[in-house]
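Summary of structural features
Residues per chain are reported as follows:
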Amino acid sequence: MKKSFFEHLKELNLRIVISFSLIVIFSIFIYIRYPVFIQVLNEPLINAGYDKSNIFALTIYEGFQVKITNVFLISLLLLLPITIFNLSFFFKPALIDLSWLSFLLYNLFFTIFYYLGIYAALNLSSYGIEFLLSFNENEVILRSQNYYQFIIRLTFLFAITFQLPLITLFLLNKKLLNVDFLITNRPELFIFILILSAIVTPTGDPVTLFAFTIPLYLLIEIVIFIHNKTSK
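Everything numeric in this text was worked out from a predicted model, so none of it was measured. (Residues numbered from 1 in each chain as written. Predicted model: local features only at pLDDT ≥ 70, side-chain atom pairs only at ≥ 80, totals over all residues. Heavy atoms only, no water.)

1. Here's the deal with the overall build of the protein chain
For the protein chain, the helix and strand inventory stands at nine helices and two strands. Helices (α) and strands (β) of the protein chain occur, in sequence order from the N terminus, as α-α-β-α-α-β-α-α-α-α-α. When its C-alpha atoms are laid out on the principal axes, the protein chain stretches across 60 × 50 × 25 Å. Looking at the 232 residues of the protein chain, the share that counts as buried comes to 39%. Restricting to contacts in the protein chain with at least 6 residues of sequence separation, those with at least 24 account for 81%. (Helix = DSSP H or I, 4+ residues; strand = E, 2+ residues; numbered from the N terminus. Buried < 20%, exposed > 50% of the residue type's maximum accessible area, 1.4 Å probe, protein only. Contact = heavy atoms within 4.5 Å.)

Here it is, written out as structure tokens:
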């Protein structure tokens, strides 16, 4: 049954309220378990050989401000796939050429690649941090606000960049990209991913660069393989 404009608007508002409510509820959980989550964010710094006791605040209220900001950003970061999945149901009727199976699979792959990006960021960023710290001859003291903004933004950037295989699959399925073109131009594809990785990763050191490039390239190769199998 076709809905009116106001019915669509009401549904959109409801889905926005649901998404926002989930973020608020999860933020409360993160606030209660804050030491666990902050330890995860500190791990790249610790693995880079930095003493976390040297993280400081400039003002008396900065600790509270940083904690509230971190709680909200971590909640938003971790719940983004669920938020998009919820909102995507509103736009699904407009995608008449997209089956429900494909719709669910796209959301599933988005979620998988998204969390793979987060995992990669938290495990690879220590190499970049160590590389940057190596240029300082004296002891480095980090401001908490700057470090947590850096690591959360970097994690989000990794998570979004890991959607490249999904974008590739979508373009292949829509015949906007030719699979034979990708197969015959594998060296150029690898160079493109290498350049993209150089933009995304915080440093130009080869360890971080290739540790990010190779998994991303292998994911695209898996997407090409899946497309070839399903299109036959």
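Moving on from the model shown.
2. Points about the layout of surface pockets
In this structure, the second largest pocket encloses a volume near 280 Å³. Taken together, 13 residues make up the lining of the second largest pocket; nearest its centre are S102, L105, Y106, L169 and N173. Elements that contribute at least two residues to the lining of the second largest pocket include exactly helix 4 (100-133), helix 6 (164-173) and helix 9 (206-231). Among the elements that line the lining of the second largest pocket, the one with the most residues is helix 4, at four residues. For the lining of the second largest pocket, the residue count by class is six nonpolar, five polar and two charged. (1 Å grid on protein atoms, 1.4 Å probe; cavity = no way out; pocket = protein on both sides within 12 Å on 5 of 7 lines; lining within 4 Å. Points joined across faces, edges and corners; volume = space filled by probe spheres on them. Nonpolar A, V, L, I, M, F, W, Y, C, P; charged D, E, K, R; others polar.)

3. As for the pattern of salt bridges
Following the criterion strictly, the structure yields three salt bridges and no others. For E11, the salt bridge goes to R15, with nearest N and O atoms at 3.3 Å. Separated by four residues within a single helix, E11 and R15 lie in helix 1 (residues 5-32), roughly one turn from each other. Here the two residues E11 and R15 agree in accessibility, since each one is buried. Linking R143 and E62 is a salt bridge whose minimum nitrogen-to-oxygen distance equals 2.9 Å. Separated by 81 residues along the polypeptide, R143 in strand 2 (residues 142-143) and E62 in helix 3 (residues 62-91) bring together distant segments of the chain. You can call R143 partly exposed: its relative accessible area is 23%. What makes E62 buried here is its relative accessible area of 1%. (Salt bridge = Lys/Arg side-chain N within 4 Å of Asp/Glu carboxyl O.)

4. Some remarks on the nonpolar core
In terms of nonpolar packing, the biggest core is built from 32 residues, with Y114, F158, F162, I193, F212, L216 and I220 touching the most fellow members. Listing elements by their share of this core, those giving two or more residues are helix 3, helix 4, helix 5 (144-161), helix 6, helix 7 (179-184), helix 8 (186-200) and helix 9. Per-element tally for this core: the top contributor is helix 4, with nine residues. Counting 19 residues, the second-largest nonpolar core is a separate cluster that includes Y34, L41, V66 and I152. (Core = buried A, V, L, I, M, F, W, Y, C linked by side-chain atoms within 4.5 Å.)

5. Description of helix 6
Because the α-helix completes a turn every 3.6 residues, residues three or four places apart line up on one side. Within the span of helix 6, buried status applies to L164, P165, L166, T168, L169 and L172. K175 sits one or two positions beyond helix 6 and adopts a positive phi of about 60°.

6. Points about the packing of helix 3 against helix 4
In the contact formed by helix 3 and helix 4, the axes pass within 10 Å of each other and the chain directions differ by 165°. It follows from the interaxial angle that helix 3 and helix 4 lie roughly antiparallel. Viewed along their axes, helix 3 and helix 4 form a crossing whose handedness is right-handed. Between helix 3, through L77, L78, L80, P81, I84, F85, S88 and F89, and helix 4, the contact on the second element is made entirely by W100, F103, L104, N107, F110, T111, Y114, Y115 and I118. For the contact of helix 3 with helix 4, the class distribution of residues is 14 nonpolar, three polar and no charged. (Axes fitted to C-alpha atoms, helices over the stretch in contact; angles between N-to-C directions. Parallel < 35°, antiparallel > 145°, perpendicular 65-115°, else oblique. Left-handed = near helix turned anticlockwise from the far one by under 90°.)

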